[in-house]
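# Reading the structure
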Amino acid sequence: MPHMKEFAKYREHNMFIDAILKLDHGQILPIHRVVLSQKSEFFQALFINALRFQEKSSKTQEYEIHGIRYEILKKVLKYIYEDDLSLDSEDIFELLSVADYLLVDGLVDKCKSFLKNSLNTHNCVKVLLFSESRFQKDLEEAAFQFIIVDFVKVMNENQDLYDLDFGYISKILASDWLNVKNEIVVWNACVKWIEKSKEEREGMVYQLLQYVRMGLMNIEEIQRNMEQNSLIVKCEEANLLLKRVYEFLTTAKLSQEILQCKLAQPRLPHEVIFTVGGWSEGSAKMEIETYDTRADRWVRISNDDPFGPRAYHGSVAIEGRIYCVGGFNGREYFSNCRIFDTVTKCWLPMAPMHMRRCYVSVALLDGMIYAMGGYDGHGRQRSCEKYDLRTNQWTVIAPMNAQRSDACACVLDGSIYILGGFNGQECLNTAEVYDAERDTWSMIPHMNQRRSGLKCIAHRGRIYAIGGFNGLVRLRHCEQYNPATEEWDAITDMISPRSNFAIEVIDDMIFAMAGFNGTFTISDVECYAPECNEWMMVTSMNIVRSALTANIIRYTPNIEEYLYPCRAELVEEHRQAILSSDTETE
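A short tour of the structure in this document, coming up. (Residues numbered from 1 in each chain as written. Predicted model: local features only at pLDDT ≥ 70, side-chain atom pairs only at ≥ 80, totals over all residues. Heavy atoms only, no water.)

## So, the overall build of the protein chain
- Summing up its helical and strand segments, the protein chain has 18 helices and 27 strands in all.
- Expressed along its principal axes, the backbone C-alpha trace of the protein chain runs to roughly 100 × 70 × 45 Å.
- Taken over 586 residues, the protein chain has a buried fraction of 53%.
- In the protein chain, once contacts between residues fewer than 6 apart in sequence are set aside, the share between residues at least 24 apart is 57%. (Helix = DSSP H or I, 4+ residues; strand = E, 2+ residues; numbered from the N terminus. Buried < 20%, exposed > 50% of the residue type's maximum accessible area, 1.4 Å probe, protein only. Contact = heavy atoms within 4.5 Å.)

Okay, here's the thing in structure tokens:
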């Protein structure tokens, strides 16, 4: 039998046609029954059933197809004949519905994959409702997950959210995985949903209020945003619930309703900070700790690398794997590199670098891992190399303008920036940028402070240079670089001086973790909020260490294995912290 694409040519030239599909407006589409039967159980059943009653005749058989637009059926036939079809968002819902009705499974899968990959804040609710109506459970789940992960943006940018029925809006707001930093966001969503159809919905305020985890809020927040709200004032049950939350937050009374409704239980995060390795008590370590942002707790993970400990290394995260590059174990300077798979919890080998690199700077750009500078046990390096995951090979690239060990690198707008470091004689305040297309390094304006053992990170279009050692003391000083103006500006100092610490951005805040303060190795953690230019202390790590690395792992399927497990305990801890704070204020 000819290949499918041969049949496409036959159809184009009207050859060997044995049937015609006739649409509602008299439009016709010539076809080959054997081709459609192979790709569609609908057409297979249609043709077999018709053949039973068809008299022997050379006349081409006609089949009436009702309720399908000509343009859409043409696309379906193109896919059937050519096994390929360019999709666009304009008619994707109609195309998926028709493909589903005609039982063209391959096209159904293709359309669903297109929609999953095209989910955004503007179309996610439409996709959710469409997939529910078509019983496409996997697509419905993908849309639901998108909404709860990007809930704040969806809430602000998509009015369709407030057209959802009570069942759907309550499912979203009740989810442990709803991605909100502050529960006032959830209350605001409740108000907006009710206001969209106030007469019909205002009686549901009590049910919705149970999904706002008010026990995680402070009293001033509740008083300012909820206590005098007309929806609550008019509802006796809502008032009573608010009163019980007040009792929970201000007295020793712990209501079962608070516990049963999860009104004070932290939600679950979709992303986790992984810290790996480091230096403590005179030796290298390989411990892994994860940070649960919603619980504000660190979790010790017992999956040390069998290769051994590692400090003063670099690392990047790619698709659920953490790539650890170079470093030092107290005796040996590594060219060795290792991979931790967060799904299997196994350590895997990867190709070694061309050079030994301790105090190495590492960055990820366009799927390539870059290792820059460092110390090989004899001298400070200018040399750089990059790793291709596809080939498991390192390639030497252009050297930097300066020798740099104990520097730090980050990526912004497609370029790698490397800052500070130590050249063997002095701590540096110089910085340079790498153009990967041209394989060239260029100097940028100097930082205001000399910094070795600093950390830098790109965030909100700026590069932040945090802490470090200036040759005399460990620094609290921080500054940011604006590539548009090529200027460095100081920001608020950290609470604790530190060098050789870890850094990451999560929940739109910069976290500085552990390190060395000039006297002691520490486990202290603080975070910086750019909108208020303020550093705040958060829960310390379980392990005291410096020379560690941190990476964000997002949406890994087994993320719950890395979260703080005893969340019910946090309810009472949170309440006691509030009571203690109130006592101190008095």
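## Overview of the pattern of salt bridges
- Here the structure, examined in full by the defined rule, presents 37 salt bridges.
- We note a salt bridge from Arg567 to Asp292, for which the minimum N-O separation is 2.6 Å. A residue pair is termed long-range when its members are at least 10 positions apart, and Arg567 in helix α18 (residues 567–585) and Asp292 in strand β5 (residues 283–292) qualify at 275 residues. Like Arg567, the residue Asp292 is buried in the burial classification.
- A salt bridge links Glu526 to Arg498; its shortest N-O distance comes to 2.7 Å. Taken together, the residues Glu526 in strand β25 (residues 521–529) and Arg498 in the loop between β22 (487–491) and β23 (502–506) connect sequence positions 28 residues apart. (Salt bridge = Lys/Arg side-chain N within 4 Å of Asp/Glu carboxyl O.)

## Concerning the pairing of strand β7 (residues 314–318)
- Among the five residues of β7, four are classified as buried, and the element is accordingly described as predominantly covered.
- In terms of strand pairing, β7 meets strand β8 (residues 321–325) through five bridges, oriented antiparallel. What sits directly across from Ser315, in β8, is Cys324. (Pairing = 2+ DSSP bridges.)

## A short note on the packing of helix α14 (residues 219–227) against helix α16 (residues 236–250)
- Between α14 and α16, the shortest axis-to-axis distance is 11 Å and the interhelical angle comes to 165 degrees. Here α14 lies roughly antiparallel to α16, going by the angle between them. The way α14 lies across α16 gives a crossing that is left-handed. Judged by residue contacts, Ile219, Ile222, Gln223, Met226 and Glu227 of α14 engage Leu242, Val245, Tyr246, Leu249 and Thr250 from α16.
- Taken together, the residues of the contact of α14 with α16 sort by class into seven nonpolar, two polar and one charged. (Axes fitted to C-alpha atoms, helices over the stretch in contact; angles between N-to-C directions. Parallel < 35°, antiparallel > 145°, perpendicular 65-115°, else oblique. Left-handed = near helix turned anticlockwise from the far one by under 90°. Nonpolar A, V, L, I, M, F, W, Y, C, P; charged D, E, K, R; others polar.)

## Observations regarding the pairing of strand β21 (residues 478–482)
- Where burial is concerned, most of β21 is hidden: five out of the five residues are buried.
- In β21, alternate side chains face the same way, and those of Cys478, Gln480 and Asn482 on one face and Glu479 and Tyr481 on the other are all buried.
- For β21 and β22, the ladder comprises five bridges, and the chain directions are antiparallel. Within β22, the residue paired with Tyr481 across the bridge is Trp488.

## Considerations on the state of the cysteines
- In total, this model carries zero disulfides according to the counting rule given.
- Of all cysteine sulfurs in the structure, the one in Cys337 sits closest to Cys324, which takes part in no disulfide; the separation is 9.0 Å.
- Note on Cys324: relative accessible area 0%, which makes it buried.
- Counting only cysteine sulfurs, Cys532 is the nearest neighbor of Cys527, a cysteine outside any disulfide, at a range of 9.0 Å.
- Under the relative-accessibility criterion, Cys527 is labelled buried at 3%. (Disulfide = S-S within 2.5 Å.)

## With respect to the nonpolar core
- Residues Leu21, Leu36, Phe151, Leu161, Trp187 and Met214 are the most contacted members of the largest nonpolar core, which totals 88 residues.
- In contact with Leu36, other than residues within four places in its own chain, are Leu21, Ile31, Phe43, Phe47, Leu77, Ile80 and Tyr81. (Core = buried A, V, L, I, M, F, W, Y, C linked by side-chain atoms within 4.5 Å.)

## What about the packing of helix α5 (residues 92–101) against helix α6 (residues 105–117)?
- The geometry of α5 relative to α6 is characterised by a closest axis approach of 8 Å and an angle of 150 degrees between their N-to-C directions. What the angle tells us is that α5 and α6 run roughly antiparallel. The two elements α5 and α6 meet at a crossing, and its hand is left-handed. Contacts from Ile92, Phe93, Leu95, Leu96, Ala99 and Asp100 of α5 reach α6 at Leu107, Val108, Cys111, Lys112, Phe114 and Leu115.
- Of the residues contributing to the contact of α5 with α6, the split by class is ten nonpolar, no polar and two charged.

## Here's the deal with α14
- Residues of α14 that are buried: Ile219, Glu221, Ile222 and Met226. Seen from one end, α14 has its buried residues packed into an arc of 145 degrees, which puts them on one side. (Arc of directions from axis to C-beta.)

## Focus: the packing of aromatic side chains
- Per the counting criterion, the structure on display carries 24 aromatic pairs.
- Seen from their ring centres, Phe42 and Tyr101 are 5.3 Å apart, and the 45 degrees between their planes marks the pair as tilted. Residue Phe42 is located in helix α3 (residues 41–53), and its partner Tyr101 is located in helix α5; the two are separated by 59 residues in the primary sequence.
- Here a set of aromatic residues connected by ring pairs shows up, and it is made of Trp279, Tyr312, Phe328, Tyr333, Tyr359 and Tyr375.
- Cation over ring: Lys171 sits above Phe144, and NZ or CZ is 4.6 Å from the ring centre. (Phe/Tyr/Trp six-rings, centres within 6.5 Å; stacked < 30°, edge-to-face > 60°. Lys NZ or Arg CZ within 6 Å of the ring centre and 35° of its normal.)

## Examining the sheet that holds strand β27 (residues 549–554)
- Reading across from one edge, β6-β5-β4-β27 is the order of the four strands in this open sheet, with antiparallel pairing throughout. Among the strands making up the open sheet, the edge pair consists of β6 (297–301) and β27. Put simply, the sheet's adjacent strands are angled 30 degrees from each other on average, direction ignored.
- Pairing analysis gives seven bridges linking strand β4 (residues 271–280) to β5, with the strands arranged antiparallel.

## Focus on the side chain of Arg357
- With respect to the element layout, Arg357 can be found in the loop between β10 (346–350) and β11 (361–365).
- Classification of Arg357 by relative accessible area gives buried; the value is 1%.
- One polar contact links Arg357 to Glu385, side chain to side chain, over a distance of 2.9 Å.
- Residues within four places of Arg357 in sequence aside, it is in contact with Gly326, Gly327, Phe334, Ala371, Met372, Gly373, Tyr375, Gln381, Ser383, Cys384 and Glu385. (Polar contact = N/O pair within 3.5 Å; in protein donor to acceptor, adjacent residues only side chain to side chain.)

## What about unusual backbone geometry?
- For Asp366, which is not glycine, the phi torsion reads 50 degrees and is therefore positive.
- Positionally, Asp366 belongs in the loop between β11 and β12 (368–372).
- Non-glycine residue Glu486 carries a positive phi angle of around 55 degrees.
- On the secondary structure map, Glu486 appears in the loop between β21 and β22.

## A closer look at the sheet that holds β23
- Ordered in space as β23-β24-β25-β26, the four strands form an open sheet in which the pairing is antiparallel. Each having just a single partner strand, β23 and β26 (534–538) make up the two edges of the open sheet. When the angles between neighbouring strand axes are averaged without regard to direction, this sheet yields 25 degrees.
- Two strands pair when backbone bridges link them, and strand β24 (residues 509–516) and β25 are joined in this way by six bridges, in the antiparallel orientation. The residue of β25 that forms the bridge with Met513 is Val525.

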